[in-house]
Amino acid sequence: MGEFDFSAIESKWQKIWERDRSFAIDNHPDPQRPNFYCLEMLPYPSGRLHMGHVRNYTIGDAVARFKAARGFKVLHPMGWVSFGLPAENAAIKKGIHPRIWTEENIAQMKEQLKSLGYSYDWDREIAAHRPDYYRWNQWFFLKMHERGLAYRAHRWVNWCSHCSTVLANEQVEGGVCWRCGNPVTRKSLEQWFLRITEYAQELDGYLPRLTGWSERVRQMQKNWIGRSEGALVKFPISDPPGGEPLEIFTTRLDTIYGATFCVLAPEHPAVERLCAGTPQEAGVRSFVERMRHRDLVHQDAQIGEHKEGVFTGRHAENPYTGKPIPIWVGNFVLMEYGTGAIMAVPGNDERDHDFATQYRLPIIPVVRPADPSTPAPAGKAYTEPGVLIHSGPHDGLTSGEAFEKLLALGEERGFARRMVQFRIRDWGVSRQRYWGTPIPMIHCPHCGVVPVPERDLPVLLPEDVVLSGEGGSPLASSAAFVEVACPRCGRAARRETDTMDTFFDSSWYFYRYTDPRNDAAPFASAAAQQWFPIDQYIGGITHAILHLIYCRFFTKVMRDLGLVALDEPILRLLNQGMVLKDGSAMSKSRGNVVEPDAMVARYGADTCRLFSLFAAPPERDMDWNEQGVEGCHRFLERVWRLSAPLFAPSSEPMPEALSEAETALRRKTHRTILRVTEDLDRRMHFNTAIAAIMELVNELSAFQNEGLETASRRACFREGVEIVVRRLCPFAPHFSEEVWERLGAGGTLARAPWPAPDLKLAEEPLLEVVVQINGKLRGKVIVEKGAPEQEVLELARNDPKVESHLQGRTLIKSIFVPDRLLNLVVRG
Ligand SMILES: [Zn+2]
Ligand SMILES: [Zn+2]
């Protein structure tokens, strides 16, 4: 009957798929098969796959294989986001050229991916570090520059003066440089930015349309974009009057009578001018100087921690009260947010309250709780909206009314206006690194910044750069790269030596898969039109903000360039949970890393795939538990033994008349088809789908024990086994193919259609149970005859309508009439 030799089976089928190009897909529309774009986030080629990858790609592959079997034409590509710091570090440490290191890693990881049997169309593979890809990064950069979306500005960076290099936030460890251990300071550098703020309103406004995304990710994006409505108020300088007034953004104009001081960021351009000539000048200067030396990481960490400040010696006039208030400089105000200046209302803001208490500044509460019987909190700020007090003619107004009235007043007198502000900043894309896309710009002493003409793309990354990890941009050391004739005037000029943030590469890569070999454009619009939006995107929650905001931004820019005709690139997004070992994340330092190669060698790819889908629903974290892996392996062995007696073609037809036991088995078989389809189609709950298949296997096993002597028993049994094998195919494809072949059923399962259930058989003995809440009809559930109350209740709760009536209410009792009715009595 043949042993279950998984490693022979797996390599056999991997070769067949490759030989037959089973997963290659073209762009021609097929009226019989609608398109489906299934995509997993592409890896950085570190050289080895980890279990997190395995889980991510196994989920994607199960979706891709399932959708293909359901009759879709599935695009399922893979590639490499292959520029980045680790390659550069490897070059510094080991003396290997980043390109060689990267290509070797790609080759290794590709083998690993193939050993797991993923159904990728490798003809569409892309890699960001290859010129045929990154030239389109440069092209996009030029297009953005043309539209004013790419520009230069100064920004603070972490700087190690010992290594004379810029450090990423991750390279600052406890305020010191990761390489040399010297304190990190800040430096202002001129860099390239993308004007993502131009699209802030739309990026925020479209979030409610992303109904295929989790609420959690949408909320994270909303917070990151940080839209707030408020007012911009001008505070004139009062001692002596004159000069530019301070501009301050506030969302709480209703509290302006309680503004007892204002605070500027240390980098605020007015600080110097304000403190000049005051007795406080020296103190302010030394404070600002000290703040300049903290690193950026530390600065972010300081928010909410130790607040520090110094009085400038000057006052501004509150335009609403006419009263002077002192101007301070404080470390908790950031130049990057708002106008870099705040009005402090210590009576109604927690942070301002702490600061005022520390420096003995006046505290005047101006908003009290709307309900007069609620006491205002003692010794701290009341921060909620409420009713105004100590606000002159505005006492008694609600916060909302006061905001509008005060705004109207300020607008009329010209010192306030309505303003919407965003927290999101423009995207700094310059990196002082070698292993990235060269920014296609030229600095000419006569013409200024000149774009490289499109016909001269790509600007190739030079090979002859010595990487030491010291100094500024490594590209500056290549004279052959740097020295160039100005495209405008022809005189000697210098190339830009910064390279692009690698998030640039991943912001549009999924369009390239639709047309990966195009050498006249990043992709043909028609090709993108075929496949977009992405039907299912799968990747870690860690990308909820940067990557998943940047790629939305790119799509909007591409739409405005006329390249694509859509507003959002991703229809449905699944963020899989982490893979843990013994309850914690796998890490070298903990010594709990499980290597995919070792697991594949020991148990086979199918077992690893099956376990990573079975252990938990995809959004949740899962624990890599070896007993569970063994359990999945035994399950496959069991299915093998179950099918082995049938390892010969059969032409026995399904007889008309069946015994009760035979009908029951067939019913179970067809219900399993229904349930698995439902679990995959609607919820992507692979774990419950696999559990349903396991249940069917139990029944088949029991049926087999009763004997398979008659033709009708054999026919019913064979039908069940065939369904098990076909249903397992998206999860354990090599195994399923092999058993399918041995069953003599003919053809391969790789792209075979998904069997349809006999609905009549599957549904016949099902009943409808009515669900009432407090006697009112709220839903119906379909169950098997004799289903217990608990099961009915669980199914009822899956119905959003029923659940909405239960939310926030207490269940007092339930009345259950089996096979007929469930009435829930609730309160609240
Ligand atoms: Zn250093
Ligand atoms: Zn020039």
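What you see is a predicted model, and the numbers here were worked out from it, not measured in a lab.

Chemist: Give a detailed account of the overall build of the protein chain, specifying residues and quantitative values.
Modeler: When you go through the protein chain residue by residue, the secondary structure sums to 27 helices and 34 strands. Here the analysis covers contacts within the protein chain between residues at least 6 apart in sequence; of these, 73% occur between residues at least 24 apart. If you sum the accessible surface of the protein chain, you get close to 36000 Å²; carbon and sulfur atoms cover 52% of it.

Chemist: Tell me about the coordination of the zinc ion (ligand 2), residues and numbers included.
Modeler: Taken together, the protein ligands of the zinc ion (ligand 2) are Cys444 (SG), Cys447 (SG), Cys486 (SG) and Cys489 (SG), with distances of 2.2 to 2.3 Å. Considering all four donor atoms around the zinc ion (ligand 2), the spread of angles at the metal, 108 to 113 degrees, places the coordination shape in the tetrahedral class. Take Cys444: its relative accessible area is 6%, and that puts it in the buried class.

Chemist: Before we move on, can you summarise unusual backbone geometry with the specific residues and values?
Modeler: Residue Pro240 is reached from Asp239 by a cis peptide bond, and omega for that bond is -10 degrees. Backbone torsion omega between Phe532 and Pro533 reads 0 degrees, so that peptide bond is classified as cis. Relative to the helices and strands, Pro533 is located in the loop between helix 16 (525-531) and strand 26 (536-540). Backbone geometry places Asp582, a non-glycine residue, at a positive phi of 55 degrees. Structurally, Asp582 can be placed in the loop between strand 28 (579-581) and strand 29 (584-585).

Chemist: Which residues make up the environment of Ser214, and what values go with them?
Modeler: Relative to the elements of secondary structure, Ser214 occurs in the loop between helix 6 (200-205) and helix 7 (215-225). Residues Ser214 and Glu619, 405 residues apart in the sequence, show an inter-C-alpha distance of 9.9 Å. Polar side-chain contacts of Ser214 include one of 3.2 Å to the backbone nitrogen of Val217.

Chemist: Explain the pairing of strand 9 (residues 185-194) to me, and be specific about the residues and the numbers.
Modeler: Within strand 9, seven of the 10 residues are buried, which leaves the element mostly enclosed by the surrounding structure. The pairing of strand 9 with strand 19 (residues 427-428) spans two bridges and is antiparallel. Paired with Leu194 across the strands is Trp427, a residue of strand 19.

Chemist: Tell me about the environment of Gln219, and please be specific about residues and values.
Modeler: Residue placement: Gln219 occurs in helix 7. By relative accessible area, which is 35% here, Gln219 ends up partly exposed. C-alpha of Gln219 to C-alpha of Ala544: the two residues are 325 residues apart in sequence and 9.6 Å apart in space.

Chemist: Tell me about the packing of helix 7 against helix 17 (residues 546-560), and please be specific about residues and values.
Modeler: Contact geometry for helix 7 and helix 17: axes closest at 10 Å, N-to-C directions at 75 degrees. Put simply, helix 7 runs roughly perpendicular to helix 17. Between helix 7 and helix 17, the residues in contact are Gln221, Trp224 and Ile225 and Leu546, Leu548, Ile549 and Arg552, respectively. The residue makeup of the contact of helix 7 with helix 17, split by class, is five nonpolar, one polar and one charged.

Chemist: How would you sum up the sheet that holds strand 19? Please name residues and give values.
Modeler: Strand order in the open sheet made by the four strands is 6-5-9-19, with antiparallel pairing throughout. The open sheet has two free edges, formed respectively by strand 6 (165-167) and strand 19, since each of these has just one partner strand. Summarising the sheet, strand 5 (residues 150-160) and strand 6 pair through three bridges and their orientation is antiparallel. Bridging from a neighbouring strand, Cys160 pairs with Thr165 of strand 6.

Chemist: I'd like to hear about the sheet that holds strand 12 (residues 261-264), residue by residue, with values.
Modeler: Taken together, the four strands give an open sheet; going across it, the order is 13-14-12-15, and neighbouring strands pair in mixed fashion. Edge positions in the sheet fall to strand 13 (309-317) and strand 15 (341-344), since each has one partner strand and no second. Between one strand axis and the next, the sheet turns by 30 degrees as a mean value, whatever way the strands run. Note: strand 12 against strand 14 (residues 324-330), three bridges, orientation parallel. Each residue of the ladder has a partner; that of Val263, found in strand 14, is Trp328. The sheet strands contacting helix 9 (residues 281-292) are strand 13 and strand 14, and the helix crosses strand 13 at an angle near 120 degrees. Its contacts with the sheet place helix 11 (residues 350-359) against strand 12, strand 13, strand 14 and strand 15, and it is angled at close to 75 degrees to strand 15.

Chemist: An account of the packing of aromatic side chains is requested, with residue identities and associated values reported.
Modeler: Evaluated as defined, the whole model comprises 47 aromatic pairs. Arranged with centres 5.2 Å apart and planes meeting at 15 degrees, the rings of Tyr511 and Phe523 form a pair that is stacked. Here Phe523 lies in the loop between helix 15 (509-512) and helix 16 and Tyr511 lies in helix 15, a separation of 12 residues in the sequence. For Arg65, the ring lying beneath its charged end belongs to Trp17, and the centroid distance is 4.7 Å. Just above the ring of Tyr206 sits the side chain of Lys556; from NZ or CZ to the centre is 3.9 Å.

Chemist: Before we move on, can you summarise the side chain of Asp204 with the specific residues and values?
Modeler: Inspection of the secondary structure puts Asp204 in helix 6. When its relative accessible area of 7% is taken as the criterion, Asp204 is described as buried. Excluding its chain neighbours within four sequence positions, the residues that come into contact with Asp204 are Lys222, Ile225 and Arg227.

Chemist: Explain the environment of Phe4 to me, and be specific about the residues and the numbers.
Modeler: For Phe4, the position within the fold is in the segment before helix 1 (6-20). Between the C-alpha atom of Phe4 and that of Val739, which follows or precedes it by 735 residues, the distance is 9.6 Å. Those residues in contact with Phe4 that sit more than four places away from it in its chain are Ile9, His633, Leu636, Glu637, Trp640 and Phe735.

Chemist: How would you explain the pairing of strand 5 if you had to name every residue and give the values?
Modeler: Within a regular beta strand, the side chains point alternately toward one face of the sheet and then the other, so they alternate between its two faces. As paired elements, strand 5 and strand 9 share 10 bridges and run antiparallel to each other. Directly across from Asn158, in strand 9, lies its bridge partner Arg186. Taking the residues between adjacent antiparallel strands as the criterion, strand 5 and strand 6 are bridged by four residues, where Ser164 takes a positive phi near 40 degrees.

Chemist: Quick one: what's the story with the pattern of salt bridges, residue by residue and with numbers?
Modeler: Per the counting criterion, the structure on display carries 50 salt bridges. The salt bridge partner of Asp681 is Arg70, with a shortest N-O separation of 2.8 Å. Of the two residues, Asp681 is situated in helix 21 (residues 660-683) and Arg70 in the loop between helix 2 (51-69) and strand 2 (73-75); the sequence distance between them amounts to 611 residues. For Asp681, a relative accessible area of 32% translates into the label partly exposed. Here Arg70 falls in the partly exposed class, since its relative accessible area comes to 37%. Notably, a salt bridge pairs Glu202 with Lys556, separated by 2.9 Å at the nearest N-O pair. Of this pair, Glu202 sits in helix 6 while Lys556 sits in helix 17, and the two are 354 residues apart along the sequence. Across this residue pair, the class does not change: Glu202 and Lys556 are buried. Three or more residues are tied together by salt bridges with common partners; here these are Glu202, Arg552, Lys556, Arg559, Asp560, Asp567 and Glu568.

Analysis parameters
Residues numbered from 1 in each chain as written. Chains lettered and ligands numbered in written order. Predicted model: local features only at pLDDT ≥ 70, side-chain atom pairs only at ≥ 80, totals over all residues. Heavy atoms only, no water. Helix = DSSP H or I, 4+ residues; strand = E, 2+ residues; numbered from the N terminus. Contact = heavy atoms within 4.5 Å. Areas by Shrake-Rupley, 256 points an atom, 1.4 Å probe, with all protein chains shown as cover. Donors = N, O, S within 2.8 Å, 3.2 Å for Na, K, Ca; no water. Tetrahedral: all angles 85-135°; square planar, octahedral: opposite > 155°, others 65-115°. Buried < 20%, exposed > 50% of the residue type's maximum accessible area, 1.4 Å probe, protein only. Polar contact = N/O pair within 3.5 Å; in protein donor to acceptor, adjacent residues only side chain to side chain. Pairing = 2+ DSSP bridges. Axes fitted to C-alpha atoms, helices over the stretch in contact; angles between N-to-C directions. Parallel < 35°, antiparallel > 145°, perpendicular 65-115°, else oblique. Nonpolar A, V, L, I, M, F, W, Y, C, P; charged D, E, K, R; others polar. Phe/Tyr/Trp six-rings, centres within 6.5 Å; stacked < 30°, edge-to-face > 60°. Lys NZ or Arg CZ within 6 Å of the ring centre and 35° of its normal. Salt bridge = Lys/Arg side-chain N within 4 Å of Asp/Glu carboxyl O.

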